[in-house]
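Understanding the architecture of this molecule
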Amino acid sequence: MKAIILQGTLKKEGLSNTQALSEFLSGVLRKHQVECQIIKLVEHNILAGTYSDMGQGDEWPAILEQLLAADILIFATPIWWNNQSSEIQRVIERLDELHDEVLAGKPSRLEGKVGGIVITGDSDGAQHVIANISNFFNAIGITLPPYATLSVLWEKQAKGVKTSREELFEKYEKEYGKTAETMVAQLINFLPKK
């Protein structure tokens, strides 16, 4: 089994809460024999557009190939102004061509894949973001099992607050370890039987 976490932080460098939570969840996935790769979107040249290949210099086609080869797809995003990050929104826009295929009556190339959602923030907004991404998963044929979200809203994740990686992992392990275990179990249980 292979999982890909599309990590939507806006930070090119320095500690990212979303990166830390993605790494935490990746560790839980690996504990359950799920190979996991984190793709930090901000490190790639993903051109704006609604097609799978937007031409020269576009790194999205190679990322799309990895998504198509994976079993589990997880969107990991911070909350900005009550929404997913622009990096995750760009992913949704770039997958629009696959949605066009569904609208044309073709089976989704993402059908049979199981999805999960990871959110970091310091206040409200998680339900709204989960609703947005869930709606997208539904439209594109990705199964979102019950209990397949992991949201950590904590004032120590606020913009400008200096929190160490160790503090973040301690918080995640202590207060969200059971939630992460449940999420991984659900992702595995809802994979189509081969």
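Above this text is the structure in question.
In this report, we go over the structure that sits alongside the text. Bear in mind the structure is a predicted one, so any value in this text is a computation, not a measurement.

So, about the overall build of the protein chain. Tallying secondary structure elements over the protein chain gives 6 helices and 5 strands in all. C-alpha extents for the protein chain along the principal axes are approximately 45 × 35 × 25 Å. In the protein chain, buried positions account for 47% of the 194 residues. Considering only residue pairs separated by 6 or more positions, the protein chain has 78% of its internal contacts joining residues 24 or more positions apart. As displayed, the protein chain has an accessible area near 9,600 Å², and 50% of this comes from carbon and sulfur atoms. Averaging the positions of the 20 positive and the 25 negative side-chain charges in the protein chain gives two centres separated by 3 Å.

With that settled, consider the pairing of strand β2 (residues 35-40). As paired elements, strand β1 (residues 2-7) and β2 share 6 bridges and run parallel to each other. Across the sheet, A3 pairs through a bridge with C36, a residue of β2. Read from β1 through helix α1 (residues 17-31) to β2, the crossover connection turns out right-handed.

One finds L6, W60, F75 and L95 to be the most contacted residues of the largest nonpolar core, which totals 29 residues. Taken together, the elements giving at least two residues each to this core come down to β1, α2 (60-69), β3 (72-78), α3 (86-94), β4 (114-121) and α5 (126-140). Considering every element that reaches this core, the biggest residue donor is α5, with 7 residues. Setting aside chain neighbours within four positions, we find L95 in contact with W60, L64, F75, L110, F136 and I140. Core analysis: the next-biggest nonpolar cluster, separate from the first, contains 27 residues, L25, V114, A148 and L191 among them.

This brings us to the layout of surface pockets. Considering only enclosed or pocket space, the largest pocket measures out at about 470 Å³ in volume. Lining the largest pocket are 25 residues, with K11, N17, Q157, A158 and K159 sitting closest to its centre. Looking at the lining of the largest pocket, its residues break down into 8 nonpolar, 11 polar and 6 charged.

Further remarks concern the packing of aromatic side chains. Scanning all chains against the criterion turns up 5 aromatic pairs. Seen in terms of ring centroids, F75 and F137 are 5.0 Å apart; in terms of plane orientation they differ by 80°. Their pairing is edge-to-face. Taken together, the residues F75 in strand β3 and F137 in helix α5 connect sequence positions 62 residues apart. Assessed through its relative accessible area of 1%, F75 is described here as buried. Residue F137 is classed as buried on the basis of its relative accessible area, which comes to 0%.

Here we come to the packing of α1 against helix α6 (residues 165-189). α6 packs onto α1 with a crossing angle of 45° between their chain directions and a minimal axis gap of 9 Å. Between α1 and α6, the angle falls in the class oblique. The element α1 and its partner α6 pack so that their crossing is right-handed. In this structure, α1 uses N17, A20, L21, E23, F24, L25, V28, L29 and K31 to contact α6, whose residues at the interface are R165, L168, F169, Y172, E173, Y176, G177, A180, E181, M183 and V184.

Our focus in this paragraph is the sheet that holds β1. Pairing within the open sheet is parallel, and its 5 strands lie in the order β2-β1-β3-β4-β5. The open sheet is flanked by β2 and β5 (149-153), the only strands paired with a single partner. Mean inter-strand twist for the sheet, computed between neighbouring axes without regard to direction, equals 15°. Against the sheet, α1 makes contact with β1, β2, β3, β4 and β5, and its axis sits at roughly 165° relative to β2, the strand it touches most.

Reading the values: the criteria
- Residues numbered from 1 in each chain as written.
- Predicted model: local features only at pLDDT ≥ 70, side-chain atom pairs only at ≥ 80, totals over all residues.
- Heavy atoms only, no water.
- Helix = DSSP H or I, 4+ residues; strand = E, 2+ residues; numbered from the N terminus.
- Buried < 20%, exposed > 50% of the residue type's maximum accessible area, 1.4 Å probe, protein only.
- Contact = heavy atoms within 4.5 Å.
- Areas by Shrake-Rupley, 256 points an atom, 1.4 Å probe, with all protein chains shown as cover.
- Lys, Arg positive; Asp, Glu negative; His and termini not counted.
- Charge placed at Lys NZ, Arg CZ, Asp CG, Glu CD.
- Pairing = 2+ DSSP bridges.
- Right-handed = clockwise from strand over helix to strand, strands pointing away.
- Core = buried A, V, L, I, M, F, W, Y, C linked by side-chain atoms within 4.5 Å.
- 1 Å grid on protein atoms, 1.4 Å probe; cavity = no way out; pocket = protein on both sides within 12 Å on 5 of 7 lines; lining within 4 Å.
- Points joined across faces, edges and corners; volume = space filled by probe spheres on them.
- Nonpolar A, V, L, I, M, F, W, Y, C, P; charged D, E, K, R; others polar.
- Phe/Tyr/Trp six-rings, centres within 6.5 Å; stacked < 30°, edge-to-face > 60°.
- Axes fitted to C-alpha atoms, helices over the stretch in contact; angles between N-to-C directions.
- Parallel < 35°, antiparallel > 145°, perpendicular 65-115°, else oblique.
- Left-handed = near helix turned anticlockwise from the far one by under 90°.

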